[in-house]
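Chain by chain, the residues run as shown.
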Amino acid sequence: MATSASFTLRRPALGNSVLSSLSSKIPVPSAFSVDLRRRSVGAPRFVVLVSASMDAKPTVLVAEKLGEAGLDLLKDFANVDCSYNLSPEELCTKISLCDAIIVRSGTKVSREVFESSGGRLKVVGRAGVGIDNVDLAAATEHGCLVVNAPTANTVAAAEHGIALLTAMARNVAQADASVKAGKWQRNKYVGVSLVGKTLAVMGFGKVGTEVARRAKGLGMHVIAHDPYAPADRARAIGVELVSFDEAIGTADFISLHMPLTPATSKILNDENFAKMKKGVRIVNVARGGVIDEEALVRALDAGIVAQAALDVFTEEPPPKDSKLIQHENVTVTPHLGASTMEAQEGVAVEIAEAVVGALKGELAATAVNAPMVPAEVLTELKPFVELAEKLGRLAVQLVAGGSGVKTVKVTYASSRAPDDLDTRLLRAMITKGLIEPISSVFVNLVNADFTAKQRGLRISEERVILDGSPEKPLEYIQVQIANVESKFASAISDSGEITVEGLVKDGIPHLTKVGSFEVDVSLEGSIILCRQVDQPGMIGTVGSILGEENVNVSFMSVGRIAPRKQAVMAIGVDEQPSKESLKRIGDVPAIEEFVFLKL
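Residues numbered from 1 in each chain as written. Predicted model: local features only at pLDDT ≥ 70, side-chain atom pairs only at ≥ 80, totals over all residues. Heavy atoms only, no water.

Colleague: Lay out the overall build of the chain in plain terms, naming residues and giving numbers.
Modeller: When its secondary structure is counted, the chain shows 19 helices and 26 strands. Residue burial in the chain is summarised as follows: out of 599 residues, 52% are buried. Long-range pairs, those at least 24 residues apart, make up 67% of the contacts in the chain with a sequence separation of at least 6. When the accessible surface of the chain is summed, it comes to about 26800 Å², and 53% of that surface belongs to carbon and sulfur atoms. (Helix = DSSP H or I, 4+ residues; strand = E, 2+ residues; numbered from the N terminus. Buried < 20%, exposed > 50% of the residue type's maximum accessible area, 1.4 Å probe, protein only. Contact = heavy atoms within 4.5 Å. Areas by Shrake-Rupley, 256 points an atom, 1.4 Å probe, with all protein chains shown as cover.)

Colleague: I'd like a rundown of the packing of helix α2 (residues 68-75) against helix α14 (residues 341-359), residues and numbers included.
Modeller: Running from amino to carboxyl end, α2 crosses α14 at an angle of 20°, the nearest separation of the two axes being 7 Å. If you check the angle between α2 and α14, you find them roughly parallel. Both α2 and α14 take part in a crossing whose hand is right-handed. Residues Glu68, Ala69, Gly70, Leu73 and Leu74 of α2 pack against Glu345, Ala348, Val349, Ala352, Glu353, Val355 and Val356 of α14. For the contact of α2 with α14, the per-class residue count stands at 8 nonpolar, 1 polar and 3 charged. (Axes fitted to C-alpha atoms, helices over the stretch in contact; angles between N-to-C directions. Parallel < 35°, antiparallel > 145°, perpendicular 65-115°, else oblique. Left-handed = near helix turned anticlockwise from the far one by under 90°. Nonpolar A, V, L, I, M, F, W, Y, C, P; charged D, E, K, R; others polar.)

Colleague: Explain a negative patch on the surface to me, and be specific about the residues and the numbers.
Modeller: Residues Glu68, Asp72, Asp76 and Glu345 make up a contiguous surface patch of negative charge. Tracing the backbone shows Glu68 in helix α2. (Patch = residues over 30% accessible without salt bridge, like charges linked within 9 Å, V, L, I, M, F, W, Y side chains within 5 Å. Salt bridge = Lys/Arg side-chain N within 4 Å of Asp/Glu carboxyl O. Lys, Arg positive; Asp, Glu negative; His and termini not counted. Charge placed at Lys NZ, Arg CZ, Asp CG, Glu CD.)

Colleague: Now, about the side chain of Asp574: what can you tell me, with residues and values included?
Modeller: Tracing the chain through its elements places Asp574 in the loop between β25 (566-573) and α19 (579-587). Engagement of the side chain of Asp574 in a polar contact is seen with the side chain of Asn552, the distance being 2.6 Å. (Polar contact = N/O pair within 3.5 Å; in protein donor to acceptor, adjacent residues only side chain to side chain.)

Colleague: Run through the pairing of strand β5 (residues 100-103), naming residues and quoting values.
Modeller: Across the two faces of β5 the burial is the same, with Ala100 and Ile102 and Ile101 and Val103 all buried. Note that β5 and strand β6 (residues 123-126) share 4 bridges and pair parallel. Following the sheet pairing, Ile101 is matched in β6 by Val124. Handedness of the β5-helix α4 (residues 111-116)-β6 crossover: right-handed. (Pairing = 2+ DSSP bridges. Right-handed = clockwise from strand over helix to strand, strands pointing away.)

Colleague: Outline helix α16 (residues 424-435), supporting the account with residue identities and numerical values.
Modeller: The terminal C-alpha atoms of α16, which comprises 12 residues, lie 17 Å apart, in line with the 16 Å expected from a rise of 1.5 Å per residue. The buried fraction of α16 is high, at 11 of 12 residues. Those residues of α16 not exposed but buried are Leu425, Leu426, Arg427, Ala428, Met429, Ile430, Thr431, Lys432, Gly433, Leu434 and Ile435. (Expected span 1.5 Å × (residues − 1).)

Colleague: Give a detailed account of the sheet that holds strand β20 (residues 498-505), specifying residues and quantitative values.
Modeller: Strand order in the open sheet formed by 6 strands is β17-β16-β18-β20-β21-β22, and the pairing between neighbours is mixed. Bordering the open sheet on either side are β17 (458-465) and β22 (517-522), each of which pairs with just one other strand. Going from strand to strand, the sheet's axes swing by 20° on average, the running direction of each strand aside. Judged from the 6 bridges that link them, β20 and strand β21 (residues 508-514) form a sheet pairing that is antiparallel. Each residue of the ladder has a partner; that of Gly502, found in β21, is Leu511. Relative to strand β16 (residues 407-414), α16 is tilted by about 140°, and along the sheet it contacts β16, β17 and β18 (476-482).

Colleague: Tell me about the nonpolar core, and name the residues and values.
Modeller: In this structure, Leu74, Val355, Ile477 and Leu511 are the most contacted members of the largest nonpolar core, which totals 80 residues. If you tally residues by element for this core, the top one is helix α15 (residues 375-397), at 11 residues. Other than its neighbours up to four places away in sequence, Val355 contacts Val60, Leu74, Ala100, Ile102, Val123, Gly125 and Val147. Met202, Met258, Ile282 and Ala299 belong to the second largest nonpolar core, which has 31 residues in total. (Core = buried A, V, L, I, M, F, W, Y, C linked by side-chain atoms within 4.5 Å.)

Colleague: How would you sum up α14? Please name residues and give values.
Modeller: Its 19 residues give α14 an end-to-end C-alpha distance of 27 Å, which sits within 8% of 27 Å, the value for a rise of 1.5 Å per residue. The complete set of buried residues in α14 reads Ala343, Val347, Ala348, Glu350, Ile351, Ala352, Ala354, Val355, Val356, Gly357, Ala358 and Leu359. The elements touched by buried residues of α14 are β3 (59-62), α2, β5, β6, β7 (145-148) and α6 (154-169). Immediately downstream of α14, the backbone of Gly361 shows phi near 90°, a positive value.

Colleague: Describe in detail the environment of Arg111, supporting the description with residues and values.
Modeller: Along the polypeptide, Arg111 turns up in helix α4. Given the relative accessible area of 26%, Arg111 is considered partly exposed. Taking C-alpha positions, Arg111 is 8.8 Å from Leu136, a pair spaced 25 residues apart along the chain. Once you skip the residues sitting within four places of it in the chain, Arg111 turns out to touch Asp135, Ala137, Ala138, Glu141 and His142.

Colleague: Account for the side chain of His225, with residues named and values stated.
Modeller: Structurally, His225 is set in strand β9 (residues 221-225). A polar contact is formed between the side chain of His225 and the backbone nitrogen of Phe244, at a distance of 3.2 Å. When residues no more than four places from it in sequence are discounted, the contact partners of His225 are Val201, Met202, Gly203, Phe204, Val242, Ser243, Phe244 and Ala247.

Colleague: So what's going on with the environment of Glu548? Which residues, and what values?
Modeller: By the secondary structure assignment, Glu548 is in helix α18 (residues 538-548). By relative accessible area, which is 57% here, Glu548 ends up exposed. Residues Glu548 and Ser581 lie 33 residues apart in sequence; the distance between their C-alpha atoms is 8.9 Å. A polar atom in the side chain of Glu548 sits 2.9 Å from the side chain of Arg584.

Colleague: Before we move on, can you summarise the packing of α18 against α19 with the specific residues and values?
Modeller: The interhelical angle for the contact between α18 and α19, taken along N-to-C directions, is 165°, at an axis separation of 10 Å. Judged on the interaxial angle alone, α19 and α18 are roughly antiparallel. Relative to α19, the crossing made by α18 is right-handed. Residue-level contacts link Val542, Ile545, Leu546 and Glu548 of α18 to Ser581, Arg584 and Ile585 of α19. Here the contact of α18 with α19 is built from residues that sort into 4 nonpolar, 1 polar and 2 charged.

Structure, rendered in structure tokens:
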């Protein structure tokens, strides 16, 4: 008998099932499912998928105004409900009927919203960059993807920051109001020059980078502070990265471009204003909450801060009697950073595309609460995503006994350097595969790490560097579960762990190793593993049993130690055999053990 034998009778079409299983973005649009739940806290959730008519559509709630181009994109795919100015109570009532929601900065998507959705809400789209009005922790716990539109309004926000910078330096707003009041006060509104002055860009992301580029063009010396910014990107445009204290202590102008987080909330406060150069000027087109507004008023009155130009506020709109708003040395605009015609349409299209893609189950490069993977990496890793999940599913189904899975090691073999292989997405999908078959919890790309942590599942990763061409990101993936017994003893490797290994061949995931046995079977449908005495006729015997029940065999492969010794036969089947057929396979005298694994 040959060392291995394989043949293909039929390969079912995969379609978008790979991507659909992936996502936080949404496993299946709710129009295609019946979702049955026990509503008590901690109760298991059961999901039953049923067929639906081809024109069934998910529902997208647009809670704030969106450009027509974006709405048109949404309407081509989904039922769109444009309901603006909803109260928190109205939003909680309506959300249980929606698969996705799109908001700007004015709508709070709170924990109560996710809880009220009953699990139906799978995508939150934030039309813009900041996501401080979305409870990310609650979104992750409820398996809901949050996507934003980080690029379309970048230039608009940067241009507005520069507009405020120059208007503030030359007292444009105050002089305009003076002239319109019938005055001519040229001496009062003498400004300051920008050339040669130091601008500190606080937050060197997309907008901060664009502001720095433009400020350099105005002849300013630009420094920046951002603990996560790559130094080479800063150097490329002639910007020096410095510490927080050095940035605020040496700057003539400070431009804020940081997100609002617990670490940045009121980061410009009395203590930090005291560290600044007297007469500093501050621009904020980021988030109002990063400035302690009462402390800023005190700094303005004390002359520490000469002027401020603000587009954002802690409370929007701010109170009419706000001392900050009414201060003569403060220029204000009503959150206009993204308010250009081009940016509004661009943001609408960008967020609509992200939400539609998420509802289709596609990978999103703008995901906020999922592994952030660049678009080009997503494309490259796509064939390995299904492999990762199915290896996890196989491995956990091989576990016997009630001790539970606690320690898993994943090995990635690649010809690439470790820094050139992003495995976060693969780890999330392996986690999904490990947990779903033994849990009532639905695991997806968003909540995979959170769910693993909740269950005490420790997943370690290891890289094996191979010689060869780095054209392919991965040669194989191996999953090992330690400290457990196996219902299929041959799956235990020489080192004592349940071991499965696979690779991608012609875009299709293949199982290539079980325990210490080499096999080669396509991971489509389900698999029967048999340990047998290696003798002629075994493939025909098992194939005949399955054929009598009209179970289609897609692949068969036999891995053996030596001729006429022990062998492991892996059989890919498109349908699940009956208990009777499986019993007949187990009763074949030469078969010592077998297991049916559902993928």
